[in-house]
Amino acid sequence: MVKIGVGDLKARPGGEIEFKGQEKWSRLATAAGSVPVIAPVRVTGKVTNTGKTLLVEGQVATTLELTCDRCLEKYRYPLVAALEEEYGSTKTPGEEGTGIGEETGVRPLVGDFIDLKPAMEEALLLAIPMKWLCRENCRGLCPHCGRNLNEGLCQCDTRTLDPRLAVLEELLREREGES
Ligand SMILES: [Zn+2]
Ligand SMILES: [Zn+2]
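- Going by what an unreviewed UniProt entry lists, the protein chain is known as DUF177 domain-containing protein and is assigned to Neomoorella humiferrea.

The following block contains the structure:
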C-alpha cells in the first residue's frame, strides 16, 4: 500500500515532501469490467502543504491487459496518468463545516497518513481510452468465418459484401436479359 506519512508536513505550511512507491495490483475495475494489471503500479510525486490542504501532484503508471473491441485479442496497454488530489483534515477542532467533502473534491485526511490507492485508481480509470483497440487500424474479425483479419485474409468471398458491386452485378444481369 502506498502510504505517505504527512504528520510532519501538516505542521509546516508551504513545506513539501517527495514520494515514490509501487505496489502490485492484480486487477483494476473499469466501466467495461475488471481487467488484469500486468505490471507494478508505480507512483511518484510530491505533497505540498498549501496552508489549507495537502496537495498531491504526481504521476501513476502501469500496464493493463485489455481486450480489443474489434478482434477480441488481448493486448498490453501501458498507461501513464496524472495525479492531482487535495487532502484536508476533517477533524480540526472548533472548525465545523470547513466545506471539506465530496462537493469540493478534497479528500478527507484521517490521521497522519495519506493512502494514495483510491486516488491512483481514479487517475488510471480516467486515463483509459473509451475504445479499446489492439492497434489503430485493427481489421477485426471476418463477419462470416470469424477469422482474425490481422493475421491474413480468409477464404470468404468478400465481393458480395460490397453493395456497390452488388448493384453493378444487378445492372449487368438486366442488360443480359434485354439482349
Ligand atoms: Zn484488434
Ligand atoms: Zn471469412
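**Description of the pattern of salt bridges**
For side chains of opposite charge, pairing can occur when their charged atoms come near one another.
Then, in step 1: With the rule as written, the count across this model stands at five salt bridges.
Then, in step 2: With its nearest N and O atoms 2.8 Å apart, the salt bridge here joins Lys10 to Asp112. Of the two residues, Lys10 sits in the loop between strand E1 (3-5) and strand E2 (16-23) while Asp112 sits in the loop between strand E8 (106-109) and strand E9 (113-115), which places them 102 residues apart along the sequence.
Then, in step 3: Residue class for Asp112 comes out partly exposed when judged on its relative accessible area of 37%.
Then, in step 4: Of the charged contacts in the structure, one is a salt bridge between Glu122 and Arg107, with a shortest N-O distance of 3.0 Å. Of the two residues, Glu122 is situated in helix H1 (residues 117-127) and Arg107 in strand E8; the sequence distance between them amounts to 15 residues.
Then, in step 5: For Arg107, a relative accessible area of 17% gives the class buried.

**Describing the pairing of strand E3 (residues 27-30)**
For a regular strand, side-chain orientation follows a simple rule: the groups alternate between the two sheet faces.
Then, in step 1: Alternating residues of E3 divide into Leu28 and Thr30, all buried, and Arg27 and Ala29, none buried.
Then, in step 2: With four bridges joining them, E3 and strand E4 (residues 33-36) adopt antiparallel strand pairing. Following the sheet pairing, Thr30 is matched in E4 by Gly33.

**Some words on the coordination of the zinc ion (ligand 1)**
Then, in step 1: The protein atoms that coordinate the zinc ion (ligand 1) are Cys68 (SG), Cys71 (SG), Cys134 (SG) and Cys138 (SG), at distances spanning 2.2 to 2.4 Å.
Then, in step 2: Written as a sequence motif, the donor residues of the zinc ion (ligand 1) are C-x2-C-x62-C-x3-C. With Cys68 in the loop between strand E6 (54-67) and strand E7 (74-89) and Cys134 in the loop between H1 and helix H2 (163-178), the pair connects residues that are 66 residues apart, well separated along the chain.

**Overview of the side chain of Asn148**
Then, in step 1: If you trace the backbone, Asn148 turns up in the loop between H1 and H2.
Then, in step 2: Exposure remark for Asn148: the relative accessible area of 7% places this residue in the buried category.
Then, in step 3: Side-chain polar atoms of Asn148 contact the backbone nitrogen of Asn150, separated by 2.9 Å.
Then, in step 4: Apart from residues lying up to four places away in sequence, Asn148 is in contact with Cys71, Glu73, Gly140 and Leu141.

**Quick word on the packing of aromatic side chains**
Then, in step 1: In this structure the tally under the stated criterion is zero aromatic pairs.
Then, in step 2: Positioned above the aromatic ring of Phe113 is the side chain of Lys3, whose terminal nitrogen or guanidinium carbon lies 5.5 Å from the ring centre.
Then, in step 3: Across the ring face of Trp25, the terminal group of Lys117 is positioned such that the distance to the ring centre comes to 4.9 Å.

**Digging into the coordination of the zinc ion (ligand 2)**
Then, in step 1: All of the protein donors around the zinc ion (ligand 2) are Cys142 (SG), Cys145 (SG), Cys154 (SG) and Cys156 (SG); their distances to the metal are 2.3 to 2.4 Å.
Then, in step 2: Seen from the zinc ion (ligand 2), its four donor atoms lie at angles of 104 to 113°, and the figure they make is tetrahedral.
Then, in step 3: Counting residues between consecutive donors of the zinc ion (ligand 2) along the chain gives the motif C-x2-C-x8-C-x1-C.
Then, in step 4: Given the relative accessible area of 45%, Cys145 is considered partly exposed.

How each quantity is defined
Residues numbered from 1 in each chain as written. Chains lettered and ligands numbered in written order. Predicted model: local features only at pLDDT ≥ 70, side-chain atom pairs only at ≥ 80, totals over all residues. Heavy atoms only, no water. Salt bridge = Lys/Arg side-chain N within 4 Å of Asp/Glu carboxyl O. Helix = DSSP H or I, 4+ residues; strand = E, 2+ residues; numbered from the N terminus. Buried < 20%, exposed > 50% of the residue type's maximum accessible area, 1.4 Å probe, protein only. Pairing = 2+ DSSP bridges. Donors = N, O, S within 2.8 Å, 3.2 Å for Na, K, Ca; no water. Polar contact = N/O pair within 3.5 Å; in protein donor to acceptor, adjacent residues only side chain to side chain. Contact = heavy atoms within 4.5 Å. Phe/Tyr/Trp six-rings, centres within 6.5 Å; stacked < 30°, edge-to-face > 60°. Lys NZ or Arg CZ within 6 Å of the ring centre and 35° of its normal. Tetrahedral: all angles 85-135°; square planar, octahedral: opposite > 155°, others 65-115°.

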